[in-house]
Amino acid sequence: MSSTQRKKKALERNLPKKVEQIVPESEYYKRLQEAERKIDAVIQRKRLEIQDALAKPIKTRGTLRIFISNYAADQHLGAAEMAEGRVPNWTLRIEGRLIDVQSATTTRSKSAAAPPPRKFTHFVKHIVVEVERDPHLYNESNIVEFLKPDKLDAEFDGFEVKRRGDTDVAVKITMRMDYGPDKFKVSDDLAKVIQFDVGGPNKVGLRQLRTKSQILLGVWQYIKHHNLLDADDKRIVNCDAHLKQIFNTNQILFPQIPDLITRHIFPPDPIVLHYVVKVDQEFTAAQHVYDVEVELDDVQTKSKLHAILTATDNQREIAELDAQISAAIVSLNNHRLKRDFMLAFAKDPVGFLNRFVESQSRDLQIILAGTSVNRSDARRADFYRQPWVRDAIVKYLASKHTSATPAAAAKKRMRSLVYITPWNRAGYDATLAHAAHITHVSPTWHGVRISASTTLYELATHERNTTWLDAIRALPKDARPLVLPRFTLDDWPRHEYMQLIQVRDRAKLLFGLLMLACKEHGYDGAVLEMTNVLPYLVDFIAEASQAFKSEGFRLVLVVPPYHTDQVTDAHSAQAVFGAAAYRKLAPLIEGFSLMTYDYSAGRGEYGPNAPIQWVHKNVERLCLTSCAKLFVGLNFYGMRIRVSPSREAIIDHAPILGHEAAEVAARPGALREWVDEYAEHFIAAESTADDGEEIRELVWYPSPESVAARVGVVEAAGAGVAVWEAGQGTPELWDALFEHVQ
């Protein structure tokens, strides 16, 4: 899961069934939830449409104004000047400028980063200037030609043609415009079919042209509208009178149409301009200017669509409201539990208290491993506050998970880093149960935040499970994993990140705070997640790790995964944590936790969690030779996407746990397939919403096979694994993770 998702507990927004039974008004809340789901589906559909639009060229139209003028020089020379070698000459200038651009101008005025306007040569493919004069009169060519190469190094505002002469002369300028994707004129017969107004023989420009794909689409729409597909063979088109004029046949195969319509499409007509070069004055301009419609990249529309996709202004407010809703639901459920407790007590006070005390006594017997307890003492609350009770709990937990056989203890321990979240308490039991195989464990207990009263940093501690910590420390040394809690930078504003990069004392303060926490709580070290600034602090971390080592602490750095589309010309190499940084820090720290999961979610897509080739490429990117210090991310959770086939819309998508994925796979007609390309299992099943709507659920979930495939990549690289997170793993996934360890 992403860093943002892992920092906080998943919010509960569904009312418990028992609350719905007690509070009839909860039906209104369910209706609001359904309305929210519909709105989310619409928003998601629109976002997908915008993504699709951004993947295609977005064009707008503008006007290219063409100016023609000429300069005359040395027209009236005396004998002395002629003797100096000066001769009468003139210079023809053909220039073009964009005017009346529909949206690009506004964008440029508001954004300094907007590209400069296109120049004349961008829009011209071929120009021929013909000088109408006696070819024997001057030893200069009367024809000047410009042919734009496939790659033009620089654009220009116009052209100049310089020739000798002292008399007025006519010139003919022939221009073929560059319309971007090839566009064509169509014959009158084809124009009738695609309902396109060619504008007459004197019309030249974009409005009289179409791309071949637009022409084919028009023909297809005509065929569909007039129901011309053959009833028996849908590949065959039965030609009506208009199509017969084009294809000269009664029937035609549709795949043949693209080739046959080439007889009815033609290159655009050139623009022909006539001008007379005047030499009776120094400068002469044409009486007319010529406007040509051209296509431009619509920068403004594209930036607006991109801004919509990246807008996060309301996300914090929505998150706060979700948190309030979740807190209200938790409060409602707590009140419901109290109500049930009081009702049970009110109905049978004596029986209820006897059952309650009996339950507590049974738990105590288990903790004390069968030692007899005085029943009258066990009924007293003070009995459970005695000093030995805590030690008994730790002893019970440790003995419960140290029953590994000698053969199991003899197995080699794979380097593994297992994360635990305080809101999923199953992770504590899982790490104790598999402690003999785990080398490092990282509870997500701590964050570093900006102090409200000072400019310093302070430690933000979530729920610490000291009982579990004591149980880990009570394990035998050869079966005890190192405890390295994770530290994150919580809710930091942008300027604080910049200070951390630019002010060395701030970085020293951060690492000093980590060392202080490790000393105070007796940790073996720390896992530090600061992916936003990690590439910029490599040199400092190299220095600070020495202090960590000298105090006996171990440091693991969280490294973000690499997507091929994340690094563009706008990103410097410094902004990416790569092989050079890995080689520099590897000898100095305990390891690197590579977050190779959330592949599709990180790209705003719906698909596999961690494609095997993507995992392999990320490993190769960091360590080409020795990967001993690398913990490769392995997800113990999946992703579920719920789709409405009737509305053709995505309802929602969220992480899914093992028992939930098993429930989906167990439904009648459920499809479970192995996708070789990703080395992941895919589950598809049908379900019914509360309102009766048919829903299709698509689930990507780890399986023993997918875990084994990733363990193969890890072992081949000589690396370890980083599991997110312990409480989400099923017994099958744990077995698949460690069964290959010899």
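Please read all numbers here as calculations on a predicted model, not as lab measurements.

Conventions we followed
- Residues numbered from 1 in each chain as written.
- Predicted model: local features only at pLDDT ≥ 70, side-chain atom pairs only at ≥ 80, totals over all residues.
- Heavy atoms only, no water.
- Helix = DSSP H or I, 4+ residues; strand = E, 2+ residues; numbered from the N terminus.
- Buried < 20%, exposed > 50% of the residue type's maximum accessible area, 1.4 Å probe, protein only.
- Contact = heavy atoms within 4.5 Å.
- Phe/Tyr/Trp six-rings, centres within 6.5 Å; stacked < 30°, edge-to-face > 60°.
- Pairing = 2+ DSSP bridges.
- Axes fitted to C-alpha atoms, helices over the stretch in contact; angles between N-to-C directions.
- Expected span 1.5 Å × (residues − 1).
- Disulfide = S-S within 2.5 Å.
- 1 Å grid on protein atoms, 1.4 Å probe; cavity = no way out; pocket = protein on both sides within 12 Å on 5 of 7 lines; lining within 4 Å.
- Points joined across faces, edges and corners; volume = space filled by probe spheres on them.
- Nonpolar A, V, L, I, M, F, W, Y, C, P; charged D, E, K, R; others polar.

1. Observations regarding the overall build of the protein chain
Part 1 of the reasoning: A count of helices and strands for the protein chain gives 27 helices and 30 strands.
Part 2 of the reasoning: The buried share of the protein chain, reckoned over its 742 residues, is 42%.
Part 3 of the reasoning: Sequence separation of 24 or more characterises 72% of the internal contacts of the protein chain that already satisfy a separation of 6 or more.

2. What about the packing of aromatic side chains?
Part 1 of the reasoning: The full count for this structure, using the stated rule, is 22 aromatic pairs.
Part 2 of the reasoning: A centroid spacing of 5.3 Å and a plane angle of 75° characterise the contact between Trp220 and Phe254, whose relative ring orientation is edge-to-face. You can see Trp220 sitting in helix H8 (residues 212-225) and its partner Phe254 sitting in the loop between strand S10 (251-253) and helix H10 (257-260), a full 34 residues away along the chain.
Part 3 of the reasoning: For Trp220, a relative accessible area of 30% translates into the label partly exposed.
Part 4 of the reasoning: With a centroid separation of 5.4 Å and an interplanar angle of 65°, the aromatic rings of Phe511 and Phe540 are classed as edge-to-face.

3. Some thoughts on the sheet that holds strand S29 (residues 694-701)
Part 1 of the reasoning: Within the open sheet, the 5 strands sit side by side as S26-S25-S29-S28-S27. Their pairing is antiparallel. The sheet is open, and its two edges are formed by strand S26 (649-656) and strand S27 (671-675), each paired on a single side. Taken pair by pair, the neighbouring strands of this sheet meet at an average axis angle of 20°, ignoring direction.
Part 2 of the reasoning: Relative to strand S28 (residues 680-688), S27 runs antiparallel, the two sharing 5 bridges. If you follow Leu671 over to S28, its bridge partner there is Ala684.
Part 3 of the reasoning: Strand contacts of helix H3 (residues 26-54): strand S25 (638-644) and S26, with the helix running at about 100° to S26, the strand carrying the most contacts.

4. Here's the deal with helix H12 (residues 315-347)
Part 1 of the reasoning: Here H12 contains 33 residues, and its C-alpha end-to-end distance of 48 Å stays within 8% of the 48 Å for a straight helix at 1.5 Å per residue.
Part 2 of the reasoning: Those residues of H12 that sit buried are Asp322, Ser326, Ile329 and Arg336.
Part 3 of the reasoning: In this structure, the buried residues of H12 make contact with helix H2 (17-22) and H3.

5. Describing the state of the cysteines
Part 1 of the reasoning: All told, the structure shown has 1 disulfide when counted by the stated rule.
Part 2 of the reasoning: Covalently, Cys623 is tied to Cys627 through a disulfide, its sulfur atoms 2.1 Å apart. On the S-S bond that ties Cys623 to Cys627, the torsion sits near 105°, and the link is right-handed. Here the two residues Cys623 and Cys627 agree in accessibility, since each one is buried.

6. Quick word on the pairing of strand S7 (residues 183-186)
Part 1 of the reasoning: Where S7 lies against strand S8 (residues 210-211), 2 bridges are found, and the strand directions are antiparallel. The partner of Phe184 across the bridge, within S8, is Arg210.
Part 2 of the reasoning: Of the strand pairs in this sheet, S7 and strand S11 (residues 265-266) are connected by 2 bridges, and their pairing is antiparallel. Residue pairing across strands places Lys185 opposite Phe266, the latter belonging to S11.

7. Comments concerning empty space enclosed by the protein
Part 1 of the reasoning: Following the criterion strictly, the structure yields 1 cavity of 30 Å³ or more and no others.
Part 2 of the reasoning: Residue lining of the largest cavity: Ala610, Leu634, Asn635, Glu680, Tyr701, Pro702, Ser706, Val707 and Arg710, and that is the complete set.
Part 3 of the reasoning: Counting only elements with at least two residues in the lining of the largest cavity, the list comes to strand S24 (630-635) and helix H26 (704-717).
Part 4 of the reasoning: With 3 residues, H26 is the single largest residue contributor to the lining of the largest cavity.
Part 5 of the reasoning: Of the residues belonging to the lining of the largest cavity, the class tally is 5 nonpolar, 2 polar and 2 charged.

That is the geometry; function is a separate question.
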